[in-house]
Amino acid sequence: MILRSPSFHLCYNIGRRAILSNQICYQSINVNLDCLPQLHQNGFLLDQFCLNQIVSICAKMGSFSAGTQTHCQIIKMGFDSNVFINTALVDMYGKCGVVTEAEKLFDEMPERNVVTWNALISGYLDTHCPENAILLFLEMLREGVSPTPSSVSAALVGSAQLEACELGAQLHALCWKAGFALHIVVGTVLIDMYVKCLDLETSRRVFDQMPERNVITWTSMITGYAQNRCPIKAMILFKEMLKLGIRANCVTYTSLLSSFSCPDYLVHCEQVHCHVIQQCFNSNHHLVVSLLSAYSECSCSLEDFHKLCSDVLKWDEISWNAVISGFSNLGVGGEAFSCFSRMRRAGFTVDLYTFASILKAIGSISGLEEGMLIHCLALKTGYSSEVIIQNGLLSMYTRCGRLEEAERIFSSMEERDLISWNSLLTGRAHHGHGRDVILMFEEMRRSGIKPDLTTFLAVLSACRHAGLLDEGLKFFDLMKNDNSLPPPKLEHYACIVDLYGRAGHLHEAEACINNMPIEPGPSVFKSLLNACQLHGNKGLAVISAKKLVELCPNDPATYVLLANVLASEGNWNDAEGQRKLMLDRGLSKKPGYSWL
């Protein structure tokens, strides 16, 4: 009696199924090909179809060991010159990440077809060698092999990986010439290629020209808008897709959610959430994590965020990181640190993302003791040399008032980026080191780091605290005249108004507000009002206070400010009227409190 292992019986059944039905079920069979010789002995590997199917299964499973054994069996049986089996082997080696074996086999093949070329091109793409994929595609054209939609799609993927827009455009022209530019797969890859090359306009033109689109096509275009910070356009396209009866998938929702990054988009976030629930995707782990991130980025209420946390069914590193980051974004540092401690007790490994989020959270509550513990853990785990962690430590120590620790970290950094410089510049500005900030800014520019709006805000803030009017105006002009930077924001103008105001130049401050290219906000008028009260210009103070009431009708502090200004002028009735108006609107001044 011959004893046979369970794996043999499994292979026996596979062989029997191949003979009887001429097909193999890929999804449900986990093949143990150690028993290939036994299959051969029992007469189940006598035709090329069965071997070809087994090689395809090896490719799908990424089983290099089983694939090489099958290759040996193919050679023994004399099928090594069969173009179909060799093509399957090239594909298998590529999918297993051993592209050198795929190349060797490809070069030795006496006969190749277009599928063979496509298999090796895909192998290069799977092993992150887009240059080789493009070169092989060009060689295929020189050999006179007519490309298929799959060939050009693979070459377009390589162009996208290289962000080679000109090459992609040439391939696009080839698609028109070959007659499959409107093919649904080719069109979808073209959209993705142009998106990755930052040409959204052409990407949308390709999308609009396509006679047929599937959910992947729509998702590619929506993802393009989302990745390029166009959430409104992404939402419009999403709604258009739904009107046409095309059901969104998890990737569509994840892409949409990733584009919502400020409170203005909270409503859109809630709309997408409703659709997620309607399609019963709310139990999808990745979507729940994306919702956590999106809601916290959009500054949702703490109550809503807690409800979302209760929807998390699978607590892994990704879930914990999303929750910690969420509490950090919402400014609830204490809860973020509590979650971090629970994550550690549960035995999960912390990574760069965890450290960055928890350091931001600790900085928001000025938790120096907790921050020092995290610093020690970063040293222990070897993450303290990473730039992103060093930047987090810089920001945390400056927010906790330990500027000397921040400067020590900055000095020890082997590599500094813009965030590194901005963190220390902002810290020094908040601590009133105006001259040091200016010197550091010039050093930063000499080092080749280009300042951004955050850098200039730190410098202007330092000039404001130190009363350096001329220097502040010089830096403001430098920022406005830099065409590579976006226009100055409200906070920059508020700094300039405050600079003029502290120096007693109230009319210049008023002129600055009147000449602003953007609508003045509350921060600007608050700066002017403070200056007016400081220098005793009661008329301008009244104007500023009234503007504040118009801009912030639900802020009780603005009514109190205006009432105080009117009272200081002796207008007691008007002052009383402002306080009465505040009460009539259901507003009340929040009482002050002290830590002492």
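Residues numbered from 1 in each chain as written. Predicted model: local features only at pLDDT ≥ 70, side-chain atom pairs only at ≥ 80, totals over all residues. Heavy atoms only, no water.

Looking at an unreviewed UniProt entry, one finds the protein named Pentatricopeptide repeat-containing protein and attributed to Datura stramonium.

Notes on the overall build of the protein
Along the protein, the regular secondary structure elements total 34 helices and zero strands. Residues counted as buried form 47% of the 596 residues belonging to the protein. By element, 53% of the accessible surface of the protein is carried by carbon and sulfur atoms, the whole surface being about 29,900 Å². (Helix = DSSP H or I, 4+ residues; strand = E, 2+ residues; numbered from the N terminus. Buried < 20%, exposed > 50% of the residue type's maximum accessible area, 1.4 Å probe, protein only. Areas by Shrake-Rupley, 256 points an atom, 1.4 Å probe, with all protein chains shown as cover.)

Concerning the UniProt feature "repeat: PPR" (unreviewed entry) in the protein
On the UniProt side, "repeat: PPR" (unreviewed entry) is annotated at positions that read residues 82-112, 113-147, 214-248, 316-350, 386-416, 417-451 and 452-486 here. Helix makes up 74% of residues 113-147 and strand 0%. Its end C-alpha atoms lie 10 Å apart. (UniProt positions renumbered as here; feature names shortened; annotations may be inferred.)

Overview of the environment of Asp 316
With respect to the helices and strands, Asp 316 occurs in the loop between helix 18 (302-309) and helix 19 (317-329). The exposure class assigned to Asp 316 is buried, which follows from its relative accessible area of 12%. Counting along the chain gives 31 residues from Asp 316 to Gly 347, while the straight-line C-alpha distance between them is 10.0 Å. Sequence-distant contacts of Asp 316, that is, excluding residues within four places in its chain, are made with His 285 and Phe 348. Engagement of the side chain of Asp 316 in a polar contact is seen with the backbone nitrogen of Ile 318, the distance being 3.2 Å. At 2.9 Å, the side chain of Asp 316 forms a polar contact with the side chain of Ser 319. (Contact = heavy atoms within 4.5 Å. Polar contact = N/O pair within 3.5 Å; in protein donor to acceptor, adjacent residues only side chain to side chain.)

So, helix 20 (residues 333-345)
Compared with the 18 Å implied by 1.5 Å per residue over 13 residues, the 18 Å span of helix 20 between its first and last C-alpha is a close match. Taken together, the buried positions of helix 20 are Gly 333, Ala 336, Cys 339, Phe 340 and Met 343. Angularly, the buried residues of helix 20 cover 120° about the axis, an arc narrow enough to put them on a single face. For helix 20, the elements touching its buried residues are helix 19, helix 21 (352-364) and helix 22 (368-381). Just downstream of helix 20, Gly 347 is the residue with a positive phi angle, here 90°. (Expected span 1.5 Å × (residues − 1). Arc of directions from axis to C-beta.)

Details of the side chain of His 375
Relative to the assigned elements, His 375 resides in helix 22. A polar contact of 2.8 Å, which involves the side chain of His 375, links it to the side chain of Tyr 397. When neighbours within four sequence positions are excluded, His 375 is seen to be in contact with Leu 393, Tyr 397 and Ile 409.

What about the packing of aromatic side chains?
In the structure shown here, the tally under the stated rule is 14 aromatic pairs. Its end group placed over the ring of Phe 207, Arg 213 keeps NZ or CZ at 4.2 Å from the ring centre. Here the guanidinium or amino end of Lys 474 rests over the ring plane of Phe 475, the centre of that ring lying 4.8 Å away. (Phe/Tyr/Trp six-rings, centres within 6.5 Å; stacked < 30°, edge-to-face > 60°. Lys NZ or Arg CZ within 6 Å of the ring centre and 35° of its normal.)

A word on a nonpolar patch on the surface
A contiguous nonpolar surface patch, about 240 Å² in accessible area, is contributed by Leu 135, Leu 138 and Leu 141. Accessibility expressed as a relative area gives 35% for Leu 138, which makes it partly exposed. (Patch = residues over 30% accessible without salt bridge, like charges linked within 9 Å, V, L, I, M, F, W, Y side chains within 5 Å. Salt bridge = Lys/Arg side-chain N within 4 Å of Asp/Glu carboxyl O.)

With respect to the pattern of salt bridges
Applying the stated criterion across every chain yields a total of 14 salt bridges. As a salt-bridge pair, Lys 450 and Asp 482 come within 2.8 Å of each other at their nearest N and O atoms. Remark: Asp 482 occurs in the loop between helix 28 (469-480) and helix 29 (490-502) and Lys 450 occurs in the loop between helix 26 (434-446) and helix 27 (453-466); sequence separation between them is 32 residues. The class for Lys 450 is partly exposed, based on a relative accessible area of 44%. With a closest N to O distance of 3.4 Å, Asp 498 and Arg 464 form a salt bridge. You can see Asp 498 sitting in helix 29 and its partner Arg 464 sitting in helix 27, a full 34 residues away along the chain. Here Asp 498 and Arg 464 have matching classes, each one buried.

Considering helix 3 (residues 48-61)
Compared with an ideal rise of 1.5 Å per residue, which puts 14 residues at 20 Å, helix 3 spans 20 Å between its outermost C-alpha atoms and is within 8% of the ideal. Taken together, the buried positions of helix 3 are occupied by Cys 50, Leu 51, Asn 52, Gln 53, Ile 54, Val 55, Ile 57, Cys 58 and Ala 59. Taken from the residues just after helix 3, Gly 62 is the one with a positive phi, measuring 65°.

Focus on the environment of Thr 217
For Thr 217, the location among the structural elements is in helix 13 (residues 215-227). Residue class for Thr 217 comes out buried when judged on its relative accessible area of 0%. Separated by 26 residues in the primary sequence, Thr 217 and Ile 191 have C-alpha atoms spaced 7.8 Å apart. Each residue touching Thr 217, except ones within four places of it in the same chain, is listed here: Ile 184, Thr 188, Ile 191, Phe 207 and Met 210.

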